[in-house]
Amino acid sequence: MFAGGNAVFALLLAVVATSAAFVPGFAAPGNLGNVVTQSAALGLVAIGQTFVIIGGLIDLSAGQLLGLTVVLTCALSDGNSSLLPPVIAAMLAMGAAVGLLHGWLVNRWRVEPLILTFGTLSILQGIIFAYTDRSVGRAPPELGWIANDRLLGLPIAGLALLVAAIFAHLLLTRTRFGLRLFATGGDPESARRAGVDVPRVRLLAFALSATGAILGGLLIAGRLGTGYPNAGSGFELDAIVAVVLGGAPLAGGRGSISGTVAAALLLGVISNVLNLLEVSSFVQTLVKGLIVVAAILSMRLRPTAAERA
């Protein structure tokens with residue numbers, strides 16, 4: 001119902017059409033642009049998460065890595081545009097280091113990714129609150145422009161998400177790495193016997209997941225304008241929900257960037273509708289939980305290729 005094939009696109013269209021018909025203010029061009037703008041950061045994190053989930057892994061640390069990026073970007077640059085390039089480079093380097101560390105620990109010590117990245121989540125959260133327990137610094141105006149403004153009437157954040165999605169799609173479908181990632185997620189032992197360097201594939205998948213979190217953090221920093229320490233809370237769950245809704249089973253081996261992005265937009269639409277209807281944030285969290293449970297049950301109920309044969 002929810003996962004696989006073109007179901008998520010059909011569901012997105014159905015939800016948008018229903019919301020436009022029955023929710024006052026939803027179909028206003030300004031509101032639709034806001035949906036895309038507000039969904040862009042989640043889309044970037046979810047794109048990164050797609051790589052690890054296709055590879056049979058998971059990364060629970062993405063939300064707190066995003067949060068640390070928000071805090072450090074605003075604190076280190078403090079609104080100074082000239083400091084933005086080195087700060088961005090430092091954030092990307094930090095993300096690469098975290099991702100490669102995850103990959104190394106999984107490869108070298110056979111640590112379960114779920115337990116490992118849950119531990120990293122706690123460590124990163126501790127670092128954030130050891131650094132500050134309140135909003136710090138200011139985002140440079142260039143980040144605010146990318147995160148909030150429009151170019152030729154189109155949300156710049158949405159355009160950034162589109163560029164990232166195209167790049168990720170080509171990486172996943174047109175490179176040897178992508179093919180090896182699918183093979184690793186489907187059956188790592190068979191992939192290893194076929195000559196795939198499974199440890200290297202896992203390293204790159206974790207590095208890409210961390211990069212998605214860093215890019216999402218830069219967008220959130222621009223959107224908030226300050227280094228809010230709780231900015232990344234919940235992003236890891238939302239990203240996993242988006243990947244699952246987009247058609248990737250948590251067991252790995254399948255998935256697509258287009259499905260993930262469509263699911264991220266679907267979650268953005270649902271959140272926007274609930275906000276317009278003045279539904280409490282607690283109920284919104286409940287709705288997201290129900291969606292992911294329904295998605296997982298849907299995948300379990302779908303017959304496998306073997307069963308269809």
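Structure: see above.
Novice: Would you mind going over the overall build of the protein with me for this structure?
Specialist: Within the protein one finds 14 helices and 2 strands. For 309 residues, the compact-globule estimate of 2.2 N^0.38 gives 19 Å, and the protein sits close to it at 19 Å. In terms of principal-axis extent, the alpha carbons of the protein reach across some 55 × 45 × 35 Å. Within the protein, the proportion of its 309 residues that are buried is 49%. For the protein, the exposed surface amounts to about 14400 Å²; the carbon and sulfur share of it is 66%. A distance of 9 Å separates the average location of the 18 positive side-chain charges in the protein from that of its 13 negative side-chain charges.

Novice: How should I be thinking about helix α3 (residues 62-77) in this particular structure?
Specialist: Since there are 3.6 residues in each turn of an α-helix, residues three or four apart along the chain are aligned in direction. Taking 1.5 Å of rise per residue, the 16 residues of α3 would be expected to cover 22 Å, and the 22 Å separating its terminal C-alpha atoms lies within 8% of that figure. With 14 of its 16 residues buried, α3 lies for the most part within the structure. Looking at the residues trailing α3, positive phi occurs at D78, about 45°.

Novice: Honestly, the nonpolar core in this entry has me stumped. Any pointers?
Specialist: Generally speaking, nonpolar side chains in soluble globular proteins are found buried as a group. Among the nonpolar cores identified, the biggest contains 84 residues, and I47, F51, L65, L181 and I257 are the most heavily contacted of them. Sort the elements by how many residues they give to this core and helix α2 (residues 29-54) lands first, with 12 residues. Filtering out sequence-adjacent residues up to four positions away, L65 remains in contact with M94, G95, V98, L124, A210, A213 and I214.

The rules behind the values
- Residues numbered from 1 in each chain as written.
- Predicted model: local features only at pLDDT ≥ 70, side-chain atom pairs only at ≥ 80, totals over all residues.
- Heavy atoms only, no water.
- Helix = DSSP H or I, 4+ residues; strand = E, 2+ residues; numbered from the N terminus.
- Rg over C-alpha atoms; globule rule 2.2 N^0.38 Å.
- Buried < 20%, exposed > 50% of the residue type's maximum accessible area, 1.4 Å probe, protein only.
- Areas by Shrake-Rupley, 256 points an atom, 1.4 Å probe, with all protein chains shown as cover.
- Lys, Arg positive; Asp, Glu negative; His and termini not counted.
- Charge placed at Lys NZ, Arg CZ, Asp CG, Glu CD.
- Expected span 1.5 Å × (residues − 1).
- Core = buried A, V, L, I, M, F, W, Y, C linked by side-chain atoms within 4.5 Å.
- Contact = heavy atoms within 4.5 Å.

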